[in-house]
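# A closer look at the structure
Below are the chains, spelled out letter by letter.
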Amino acid sequence: MDINFQKGTPLEIVGDCLLVGLFEEEEFSSGELNRVNLALDGSLRPLFDEGELVGKSGTSTLIHTLGKIAPKRILFTGLGKRDSVTEKVIKDVFSTAIRKTRGIGLTRVVVAVDTFSSENIASKRVCELITLATINGLYRYEDHISEKSEKNIHEVILNTDTSAEPNVTSYIAIADAINLARDLANAPPNFMTPRILSNIAEKEAKANSIGFERLDEDKMRELGMGSLLGVAQGSSEPAHLIVLKYIGDKDNPDDSIALIGKGITFDSGGLSLKPPAGMITMKGDMAGGAAVIGALIAISKLALKINVYGIIAATENMPGGKAQRPGDVVTAMNGTTVEVINTDAEGRLVLADALCYANHLGVSKIVDVATLTGAIRTALGDQIIGAFGNDDEFTKEVIEAGAREGERLWELPADESFSKHFKSDVADIKNVGGAAGGATIGAMIIGMFAEDTPWVHLDIAAVSRTNANNGDDPKGATGSPIKTLVSLCKFISAYRY
Ligand code: BES
Ligand code: ZN
Ligand code: ZN
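## Some words on the pairing of strand β8 (residues 240-247)
- Within β8, six of the eight residues are buried, leaving the element largely enclosed by the surrounding structure.
- Where strand β7 (residues 211-215) lies against β8, five bridges are found, and the strand directions are antiparallel. For R214, the partnering residue across the bridge sits in β8 and is I242.
- In terms of strand pairing, β8 meets strand β10 (residues 307-317) through eight bridges, oriented antiparallel. Bridged to K245 within β10 is Y309.

Below, the structure written as structure tokens:
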């Protein structure tokens, strides 16, 4: 699908449908309605008088223009009141509208961009939001469906006098990265093993001038990654530590950020086996790793002036004959010993060694992204990412980076007062606490391996997939928090210009 620009009067651009945004409680004569009405010999006015075109958020009206103007149809979509419109409203409304045009089999859609803009949100930003809503909102995962959908939008034409081409190019890169991450997390677990994940990462790295290295189990053993290998030993699929390296700031080689992703390609729970209902979505337990791969690709396409490592701890968590047992003690790369009380709390075990490796590389900052705990959903619901950190300023930077792109993050505590809950009688720590504060305990265990490096942990267990279409997140994997990660790297790199 192409996104193109065309200036001029929207009513003269040939297309299957013109998309027009309508604000609530506005004069008929003040905007696009009046122009369309005049072009259609006054036939629109009665609809307005009957209350159909009032711009209430969530409403839409499709009209056929029957050869009177260049667009064959016009879809009017309500945006609510002009002064209360948000970026989320624009993305939600637009995603629904563009899916509707695809649903009726249209292929070439024109957007009257300026009808979506307001004092709060300028046309340039509207172009960026529409790019995300189009590419991400139209996403479908059909790799294993024999009869693919035939309805497809081929071209979206942004009609505006604003020059937003570079912005749209950047946001296409971000939206594509999100869809790639969704593909990885939606893939069935027999089609997304650690080996397949690392092969895809390698292919994408090569295509995007990103360095790639794969540490196999022998190498991990040599480095002393007993905590990651303990999780891997229950599976017949070998584990991989995937290391991506984007060098965008050659002059400051010692300054770098590590984005670390949990890459459990299937989480059965191990010997602490999950019940069937809780296991079915566990192909998505590598969503953090997928987001890191996507973020690196977008960062490279945006040519950000920053050095970024992407580290993905990829393994299955299976209950095979060699599986680790509850009660086993493993030793991570930094020498910390961990008593494995519950083999289903495996994310922190694989991330422990991934963080040690980031420190071994000498990175200056760490963000880890993980579908870590069910507890985060209880705490924050399914729209908000849990954020934890050891450095207030850095944590704030990450949260604000997300806010700029409409990803909601909320900080939860990770202070020493929780440490007593994961003290072990037989090792330095154990891998679970009691029932209370589960998301914090998980975060704090990971944080021990950040040592003195500024670190933020993002628990995406609740937001990594959605059970129903939700704005520009169609049902399935969401690709969260790629926008946060890219926005953060954009912010850090802006210092350097
Ligand atoms: N992968 C799960 C967390 C998860 C749960 C992700 C639901 C997505 C949706 C993780 O490995 C896990 O099993 N965590 C346990 C931790 C517990 C044993 C301390 C959990 O949350 O129950
Ligand atoms: Zn688990
Ligand atoms: Zn897991």
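Structure shown, so let's carry the discussion forward.
## Considering unusual backbone geometry
- Geometrically, the link from S480 to P481 is a cis peptide bond, its omega value of 0° lying close to zero.
- Following the sequence through the fold, P481 ends up in the loop between β19 (476-477) and α15 (482-494).
- Unusually for a residue other than glycine, D41 sits at a positive phi of about 55°.
- Its place among the elements puts D41 in the loop between α1 (32-39) and α2 (45-49).
- Residues other than glycine seldom take positive phi values, yet L66 does so here, at roughly 50°.
- Tracing the backbone shows L66 in the loop between β3 (60-64) and β4 (73-78).

## Quick notes on the coordination of the zinc ion (ligand 2)
- For the zinc ion (ligand 2), the full set of protein donor atoms is D267 (OD), D344 (O), D344 (OD) and E346 (OE), and the range of their distances to it is 2.0 to 2.2 Å.
- Taken together, the six donor atoms coordinating the zinc ion (ligand 2) and their angles of 71 to 168° define a geometry best described as irregular.
- Considered as a linear motif, the donors of the zinc ion (ligand 2) on their single chain read D-x76-D-x1-E.
- Between the two metals, the zinc ion (ligand 2) and the zinc ion (ligand 3), the spacing is 3.2 Å, and D267 donates to both. Of this pair, D267 sits in strand β9 (residues 257-267) while D344 sits in the loop between β12 (337-339) and α11 (347-361), and the two are 77 residues apart along the sequence.

## Focus: the sheet that holds strand β11 (residues 329-331)
- Pairing within the open sheet is mixed, and its three strands lie in the order β11-β12-β16. A strand with exactly one partner marks an edge of an open sheet, and here the two such strands are β11 and β16 (429-430).
- As defined by bridge partners, β11 adjoins β12 across three bridges and the pair is classed as antiparallel. Residue pairing for β12: V329 is matched across the bridge by E339.

## Topic: the site of ligand 1
- In the vicinity of ligand 1 lie 15 residues, with D267, K274, D344, E346 and G374 positioned nearest.
- Contacts to ligand 1 include K262, whose side-chain N or O atom sits 3.2 Å from an oxygen atom.
- At 2.8 Å from an oxygen atom of ligand 1 is found a side-chain nitrogen or oxygen belonging to D344.
- In the complex, the protein chains occlude 74% of the 510 Å² of accessible area that ligand 1 would expose alone.
- Class assignment for the residues of the shell around ligand 1 results in four nonpolar, four polar and seven charged.

## What about the domain arrangement of the protein?
- Examined at the domain level, the protein breaks down into domain 1 (2-167) and domain 2 (172-496).
- Its C-alpha centre places domain 1 at a distance of 38 Å from the equivalent point of domain 2.
- In this assembly, 16 residues from domain 1 lie in contact with 19 residues from domain 2.
- By the criterion of area lost to domain 2, the three top residues of domain 1 are N136, Y139 and Y141, representing 38% of everything that side buries.

## Description of the pairing of strand β6 (residues 155-159)
- For β6, the buried fraction is high: five of the five residues fall into the buried class.
- A two-sided burial pattern is seen for β6, the buried positions comprising E155, I157 and N159 on one face and V156 and L158 on the other.
- Relative to β6, strand β1 (residues 2-6) runs parallel, the two sharing five bridges. Across the sheet, the residue bridging to Q6 is N159, located in β6.
- With five bridges joining them, strand β5 (residues 108-112) and β6 adopt parallel strand pairing. Following the sheet pairing, R108 is matched in β6 by E155.
- Following the chain from β5 across helix α4 (residues 123-137) to the adjacent parallel β6, one finds a crossover that is right-handed.

## Section: the layout of surface pockets
- Taken as a whole, the second largest pocket spans an internal volume of roughly 410 Å³.
- Around the second largest pocket, the lining comprises 25 residues; the ones closest to its centre are G21, G31, E32, R82 and T115.
- Listing elements by their share of the lining of the second largest pocket, those giving two or more residues are β2 (17-22) and α1.
- In terms of residues, the lining of the second largest pocket owes the most to one element, α1, which gives three residues.
- Class assignment for the residues of the lining of the second largest pocket results in 10 nonpolar, seven polar and eight charged.

## A few points about the pattern of salt bridges
- Tallying each qualifying case throughout the model produces 26 salt bridges.
- With a shortest N-O distance of 2.7 Å, D92 and K88 are connected by a salt bridge. Taken together, the positions of D92 and K88, both in helix α3 (residues 87-103) and four residues apart, correspond to about one turn of that helix.
- On the basis of relative accessible area, D92 is assigned to the partly exposed category, the value being 24%.
- For the salt bridge of R108 with E155, the shortest nitrogen-to-oxygen distance reads 2.7 Å. One end of the pair, R108, is in strand β5; the other, E155, is in strand β6, with 47 residues separating them in the sequence.
- For E155, a relative accessible area of 18% corresponds to the buried category.

The rules behind each value
- Residues numbered from 1 in each chain as written.
- Chains lettered and ligands numbered in written order.
- Predicted model: local features only at pLDDT ≥ 70, side-chain atom pairs only at ≥ 80, totals over all residues.
- Heavy atoms only, no water.
- Buried < 20%, exposed > 50% of the residue type's maximum accessible area, 1.4 Å probe, protein only.
- Helix = DSSP H or I, 4+ residues; strand = E, 2+ residues; numbered from the N terminus.
- Pairing = 2+ DSSP bridges.
- Donors = N, O, S within 2.8 Å, 3.2 Å for Na, K, Ca; no water.
- Tetrahedral: all angles 85-135°; square planar, octahedral: opposite > 155°, others 65-115°.
- Near = heavy atom within 4 Å.
- Polar contact = N/O pair within 3.5 Å; in protein donor to acceptor, adjacent residues only side chain to side chain.
- Areas by Shrake-Rupley, 256 points an atom, 1.4 Å probe, with all protein chains shown as cover.
- Nonpolar A, V, L, I, M, F, W, Y, C, P; charged D, E, K, R; others polar.
- Domains from an automatic or database assignment.
- Contact = heavy atoms within 4.5 Å.
- Buried area = accessible area lost by both parts, 1.4 Å probe.
- Right-handed = clockwise from strand over helix to strand, strands pointing away.
- 1 Å grid on protein atoms, 1.4 Å probe; cavity = no way out; pocket = protein on both sides within 12 Å on 5 of 7 lines; lining within 4 Å.
- Points joined across faces, edges and corners; volume = space filled by probe spheres on them.
- Salt bridge = Lys/Arg side-chain N within 4 Å of Asp/Glu carboxyl O.

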